Amino acid sequence: MTLVGEWAPLSDARYELGEGARPSGAGFVFVDLLSGALIMDDGSVLHDLDVPLGAVAPRPGGGWIAAAGNGIAFLDRSGGEVEWVADLLVDALVPMRMNDGVADPHGRFWAGAMPYGDHPGTGFLVRVDVDGRTHRVLDGLTIPNGPAFSADGSVMYLAESTAGVITRYDVADDGSLLAPTAFAEVGDANPDGMTVDADGCLWSALWGGHRLHRYAPDGELVDVVPVPASQPTSIAFGSGRILVTSATTGLDEPGPWDGATLITSTTVGGVPTAMFGR
């Protein structure tokens, strides 16, 4: 077992859709996606947007790049300024929003867009290069989650949550995606947020599954970690701890720890949070 202690909630706060957990300094940040809040693990709110906030990555010198609302924004370090840099949904044929996102080890930012409601195949994945140019790299998705990258950035993992599938891609030096292969399939839950640990293993939070999965680089399931929330959504490692966000949305009768941000100690090491830009 990779955990040392027992799970405990960070606080009494319960979030409708906790997501986007990331190590940050000696602590963590995460989002309450539907409320548009970027939150530190001490409970303080760094940003409070008036649109959904899917996930962030840090920028050199401070501040964040964010997948939010209809596109991509820069958030300053103080919680005041928001600079919108790309509207990715201006031509969308159905109601949509940005979802999960992460920076890769080469300084690029990757983010998914998903539809509201039942509109299969209308989601997509975009890449924001360090020069600010935005590229739509995958179409035909529904609810893309992750992505997550190997420590050298040569491999990307992407979850298609509604299908219960995680796909592995080789990543070329220019950011092109090559050689997609089926990596893992989950039959009874939906793979949500993911991260790669210091051993190169992929972790996935399983929405509806009350658990996390840990996969070896070859796709073998090597650990199953129960969590006391039915809808875990994202995972982060740092300073000998593991933090997991969860959600209450869609639950008629949430349990006592549904929507909590959970934390415990672990023997698993994380990797430094990649930054957008150079």
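Before reading on, note that the structure itself is shown above.
The text that follows walks through the structure, step by step, so that each part is easy to find.

The rules we used
- Residues numbered from 1 in each chain as written.
- Predicted model: local features only at pLDDT ≥ 70, side-chain atom pairs only at ≥ 80, totals over all residues.
- Heavy atoms only, no water.
- Helix = DSSP H or I, 4+ residues; strand = E, 2+ residues; numbered from the N terminus.
- Buried < 20%, exposed > 50% of the residue type's maximum accessible area, 1.4 Å probe, protein only.
- Contact = heavy atoms within 4.5 Å.
- Areas by Shrake-Rupley, 256 points an atom, 1.4 Å probe, with all protein chains shown as cover.
- Phe/Tyr/Trp six-rings, centres within 6.5 Å; stacked < 30°, edge-to-face > 60°.
- Lys NZ or Arg CZ within 6 Å of the ring centre and 35° of its normal.
- Pairing = 2+ DSSP bridges.
- 1 Å grid on protein atoms, 1.4 Å probe; cavity = no way out; pocket = protein on both sides within 12 Å on 5 of 7 lines; lining within 4 Å.
- Points joined across faces, edges and corners; volume = space filled by probe spheres on them.
- Nonpolar A, V, L, I, M, F, W, Y, C, P; charged D, E, K, R; others polar.
- Salt bridge = Lys/Arg side-chain N within 4 Å of Asp/Glu carboxyl O.
- Axes fitted to C-alpha atoms, helices over the stretch in contact; angles between N-to-C directions.
- Polar contact = N/O pair within 3.5 Å; in protein donor to acceptor, adjacent residues only side chain to side chain.

1. Considering the overall build of the protein chain
Argument step 1. A count of helices and strands for the protein chain gives 0 helices and 24 strands.
Argument step 2. When the backbone C-alpha atoms are referred to their principal axes, the protein chain occupies close to 45 × 40 × 40 Å.
Argument step 3. The buried share among the 278 residues of the protein chain stands at 55%.
Argument step 4. Excluding contacts between residues fewer than 6 apart, the proportion of contacts in the protein chain whose partners are at least 24 apart in sequence is 45%.
Argument step 5. On the protein chain, roughly 11,300 Å² of surface is accessible, and the fraction owed to carbon and sulfur atoms is 51%.

2. Some points on the packing of aromatic side chains
Argument step 1. Enumeration according to the criterion identifies 6 aromatic pairs in this entry.
Argument step 2. For the ring pair F74 and F276, a centre distance of 6.1 Å and an interplane angle of 40 degrees mean the geometry is tilted. Remark: F276 occurs in the segment after β24 (262-265) and F74 occurs in strand β8 (residues 71-75); sequence separation between them is 202 residues. Each member of the pair, F74 as well as F276, carries the same accessibility label: buried.
Argument step 3. With centroids separated by 5.7 Å and ring planes inclined at 70 degrees, the aromatic side chains of F183 and Y215 adopt a geometry described as edge-to-face. Remark: Y215 occurs in strand β20 (residues 211-215) and F183 occurs in strand β17 (residues 177-185); sequence separation between them is 32 residues.
Argument step 4. The structure contains a cluster of three or more aromatic residues connected by ring pairs, namely Y157, F183 and Y215.
Argument step 5. Positioned above the aromatic ring of F124, the side-chain terminus of R136 is 3.7 Å from the ring centre.

3. Quick notes on the sheet that holds strand β23 (residues 241-246)
Argument step 1. The antiparallel open sheet is built from 4 strands, whose spatial order is β1-β24-β23-β22. Where the open sheet ends on each side, the last strands, each with one partner, are β1 (8-9) and β22 (232-238).
Argument step 2. Two elements, β22 and β23, share 6 bridges in a ladder whose sense is antiparallel. Bridged to I235 within β23 is V244.

4. Looking at the layout of surface pockets
Argument step 1. Of the pockets and cavities examined, the largest pocket occupies roughly 390 Å³.
Argument step 2. Of all the elements in the fold, those that place two or more residues in the lining of the largest pocket are β2 (18-24), β10 (96-103), β14 (144-149), β18 (190-196) and β22.
Argument step 3. Considering only residue class, the lining of the largest pocket consists of 18 nonpolar, 4 polar and 1 charged.
Argument step 4. As a volume, the second largest pocket reaches approximately 300 Å³.
Argument step 5. Together, 15 residues line the second largest pocket, and L17, R97, M114, I143 and W207 are the ones closest to its centre.
Argument step 6. When residues of the lining of the second largest pocket are traced back to their parent elements, those giving at least two are β10 and β18.

5. So, the pairing of β24
Argument step 1. With 2 bridges joining them, β1 and β24 adopt antiparallel strand pairing. Along β24, the bridge assignment pairs P9 with L262.

6. Observations concerning the pattern of salt bridges
Argument step 1. Applying the stated criterion to the full structure yields 9 salt bridges.
Argument step 2. Where D104 meets R108, a salt bridge forms, and the shortest distance between an N and an O atom there is 2.8 Å.
Argument step 3. One salt bridge connects R133 with D131, and the closest N-O pair in it is separated by 2.8 Å.
Argument step 4. Through salt bridges with shared partners, a single ionic network connects D197, D199 and R214.

7. Describing the sheet that holds strand β15 (residues 155-160)
Argument step 1. Strands sit in the order β14-β15-β16-β17 across an open sheet of 4 strands; the sheet is antiparallel. With one partner strand each, in any of the chains shown, β14 and β17 form the two edges of the open sheet. Neighbouring strand axes in the sheet, compared pairwise and without regard to direction, differ in orientation by 25 degrees on average.
Argument step 2. Looking at chain direction, β15 and strand β16 (residues 165-171) are connected through 6 bridges and run antiparallel. Bridge pairing in β16 places Y157 opposite R168.

8. Some remarks on the side chain of T264
Argument step 1. Positionally, T264 belongs in strand β24.
Argument step 2. The class of T264 is buried, set by a relative accessible area of 5%.
Argument step 3. Looking at T264, its side chain comes within polar contact range of the main-chain oxygen of E6, at 3.1 Å.
Argument step 4. When residues no more than four places from it in sequence are discounted, the contact partners of T264 are L3, G5, E6, W7, G240, R241 and I242.

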